[in-house]
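What follows is each chain in one-letter form.
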Amino acid sequence: MRVVLGVSGGIAAYKACELLRLFTESGHEVRVVPTREALKFVGAPTWAALSGHPVSPEVWDDVHEVPHVRIGKSADLVVVAPATADVLAKAAHGLAGDLLTNTLLTATCPVVFAPAMHTEMWQHPATRANVATLRERGAVVIDPAVGRLTGADTGPGRLPDPAEIFQVCLRVLRGRPRDLAGRKVVVSAGGTREAIDPVRYIGNRSSGLQGYALARTAAARGAEVTLVAANVTLPDPAGAKVARVESAAELRDAVLAASADADVVVMAAAVADFRPATRHDAKIKKTDGEPEAIHLVKNPDILAELGERRRHEPGPRVIVGFAAETHDVLANGQAKLARKGCDLLVVNQVGEGLAFGTPDNAATVLVAGGEPVEVPFGPKEDLADAIWDLVAVRLS
Ligand code: CTP
């Protein structure tokens with residue numbers, strides 16, 4: 001596929017080199033179109049060497065080839081990363097003062113913007129209006145990540161991880177639907193840790209990969225995503241708002257707060273069923289005699305609580321649970337679906353080498369009032385899409 005990588009003048013321009021490599025290494029033909037300002041951060045030789053094509057921000061080079069029209073018209077995808085407030089404004093208003101903005105005006109293919117700027121600029125009403133205009137016209141504008149910005153400041157405005165931008169672009173190239181646009185979804189991911197003392201905890205083997213795949217695919221399908229992540233070290237999925245928690249109690253608070261106005265809640269996190277009754281303030285020391293027993297108490301069942309609440313008050317239209325079973329997978333799953341009052345229950349068989357920490361998964365999705373759906377062994381992204389397909393049907 002022919003990809004145009006537009007690079008505008010932000011400090012995150014250096015991260016676009018990695019995005020460029022991801023495209024070229026997976027066989028795409030990439031034409032880099034930087035702005036003049038972008039070249040102050042990363043020079044033209046870098047883009048030319050990495051892409052194998054000449055690079056210019058001007059419409060005045062190679063005029064006989066009419067680059068200001070040809071590049072945009074022949075592209076299968078234009079991605080602008082980083083997209084500054086300035087380039088978003090120019091694109092929204094149809095200005096055409098350089099090769100990138102000309103390309104944006106002549107492109108008939110899908111366009112993805114990955115904005116990066118200081119929080120104030122991202123939140124300014126002018127930028128909000130420009131982003132809304134671009135989205136109305138069908139462009140995909142990825143919400144920036146929250147985190148450390150150029151200086152000491154932090155907030156929304158960081159360029160998402162290049163690998164995450166790449167995933168969004170691949171989905172757009174494959175023509176995946178944006179059928180969750182306008183929906184608010186909450187996804188919990190990872191595994192909770194229940195503190196024993198300041199250095200020890202009771203935890204589980206959940207990697208967070210499935211929950212992150214769910215958040216990534218929902219955001220790519222247009223949803224407004226809050227990801228409640230328990231002890232996950234993966235890069236933030238592009239476009240998702242991430243709340244980090246440690247224990248089941250923290251996860252419960254974060255999920256319930258985010259669920260108040262959500263359309264969908266997916267509980268993919270492995271929540272500890274029990275926690276130590278007391279958390280020692282000081283590290284427990286070795287003693288000569290018998291070790292002290294750890295007394296456990298039950299944690300609240302968040303999924304069951306969501307289902308129960310919805311019986312009395314308005315709540316998410318679709319609640320999705322997960323069940324990890326080592327035996328009697330379907331029978332246990334059906335009982336859990338009924339007991340927890342959810343609409344879909346994704347049942348995984350777990351054990352040695354299955355599901356935890358692996359990039360692939362297979363599952364049976366149990367549907368309240370419907371037939372189970374088998375999802376064959378494959379990438380966790382595919383299972384995530386299959387789940388969102390079922391959710392989208394229930395939302396429509
Ligand atoms: N879950 C939850 N709160 C808990 C425990 C689990 O919200 N305290 C959610 C998980 O996120 C998952 C689903 O419930 O979506 C199933 O969790 P699982 O541990 O498999 O089920 P349990 O009800 O704990 O049943 P069992 O341990 O007997 O298998």
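A quick note: this is a predicted structure, and the numbers were derived from the prediction, not measured.

Analysis parameters
- Residues numbered from 1 in each chain as written.
- Predicted model: local features only at pLDDT ≥ 70, side-chain atom pairs only at ≥ 80, totals over all residues.
- Heavy atoms only, no water.
- UniProt positions renumbered as here; feature names shortened; annotations may be inferred.
- Helix = DSSP H or I, 4+ residues; strand = E, 2+ residues; numbered from the N terminus.
- Expected span 1.5 Å × (residues − 1).
- Buried < 20%, exposed > 50% of the residue type's maximum accessible area, 1.4 Å probe, protein only.
- Near = heavy atom within 4 Å.
- Polar contact = N/O pair within 3.5 Å; in protein donor to acceptor, adjacent residues only side chain to side chain.
- Areas by Shrake-Rupley, 256 points an atom, 1.4 Å probe, with all protein chains shown as cover.
- Patch = residues over 30% accessible without salt bridge, like charges linked within 9 Å, V, L, I, M, F, W, Y side chains within 5 Å.
- Salt bridge = Lys/Arg side-chain N within 4 Å of Asp/Glu carboxyl O.
- Contact = heavy atoms within 4.5 Å.
- Pairing = 2+ DSSP bridges.

**Looking at the UniProt feature "domain: Flavoprotein" (unreviewed entry) in the protein chain**
UniProt tags residues 1-171 as "domain: Flavoprotein" (unreviewed entry). In residues 1-171, the share of helix is 44% and the share of strand is 20%. The end C-alpha atoms are 13 Å apart.

**Structural notes on helix α10 (residues 209-220)**
With 12 residues, α10 ought to run about 16 Å at 1.5 Å a step, and its terminal C-alpha atoms sit 16 Å apart, in line with that. Judged by how many residues are buried, α10 sits mostly within the fold: 11 of 12 residues are covered. Buried within α10 are the following residues: Q210, G211, Y212, A213, L214, A215, R216, T217, A218, A219 and A220. G222 occupies a position one or two residues after α10 and carries a positive phi of about 100°.

**Re the site of the ligand**
Around the ligand sit 16 residues in total, of which M267, A269, L303, F322 and K340 are the nearest. At a separation of 2.7 Å, an oxygen atom of the ligand approaches a polar backbone atom of M267. D273 places a side-chain nitrogen or oxygen 3.0 Å from an oxygen atom of the ligand. Bound to the protein, the ligand loses 78% of the 580 Å² it would expose on its own. Breaking the shell around the ligand down by element, the ones donating at least two residues are α12 (302-312), β16 (318-325) and α13 (329-340).

**Focus: a nonpolar patch on the surface**
Side chains of I11, Y14 and F41 sit close together on the surface and give an oily, nonpolar patch of about 320 Å² of accessible area. Residue classification places F41 among the partly exposed residues on the basis of a relative accessible area of 40%.

**Focus: the UniProt feature "binding site: CTP" (unreviewed entry) in the protein chain**
Mapped onto the present numbering, the UniProt feature "binding site: CTP" (unreviewed entry) falls at D273, K283, P300, D301, I302, L303, F322, K336 and K340. Spanning 68 residues, the named residues do not form one spatial group; their C-alpha atoms are separated by as much as 37.5 Å. You can see P300 is positioned in the loop between β15 (296-298) and α12. With residues near it in sequence (within four places) discarded, P300 still touches R252, R275 and E305. As for its position among the elements, F322 is in strand β16. In this structure, F322 is in contact with Q210, L214, V266, M267, A268, L345, V346, N348 and I387, ignoring residues within four places of it in sequence.

**Side note on the pairing of strand β13 (residues 264-267)**
Side chains of β13 alternate between two faces, with V264 and V266 and V265 and M267 buried alike. Across 4 bridges, strand β8 (residues 184-190) lies against β13 in parallel orientation. Across the sheet, V186 pairs through a bridge with V265, a residue of β13. Of the pairings in the sheet, the one linking β13 to β16 comprises 4 bridges and is parallel in character. If you follow V265 over to β16, its bridge partner there is I319.

**Points about the environment of E224**
Counting through the fold element by element, E224 comes out in strand β11 (residues 224-230). Residues E224 and T364, 140 residues apart in the sequence, show an inter-C-alpha distance of 26 Å. Setting aside residues up to four positions removed in sequence, E224 forms contacts with R183, K184 and V185.

**A look at the pairing of strand β18 (residues 360-367)**
For a regular strand, side-chain orientation follows a simple rule: the groups alternate between the two sheet faces. With 6 of 8 residues buried, β18 lies mostly within the body of the structure. Looking at chain direction, strand β17 (residues 344-349) and β18 are connected through 4 bridges and run antiparallel. Across the sheet, L344 pairs through a bridge with V367, a residue of β18. Direction of pairing for β18 relative to strand β19 (residues 373-379): antiparallel, over a ladder of 5 bridges. Bridged to A363 within β19 is V375. Where β18 folds back on β19, the antiparallel hairpin that results is connected by 5 residues, among which G369 adopts a positive phi of roughly 75°.

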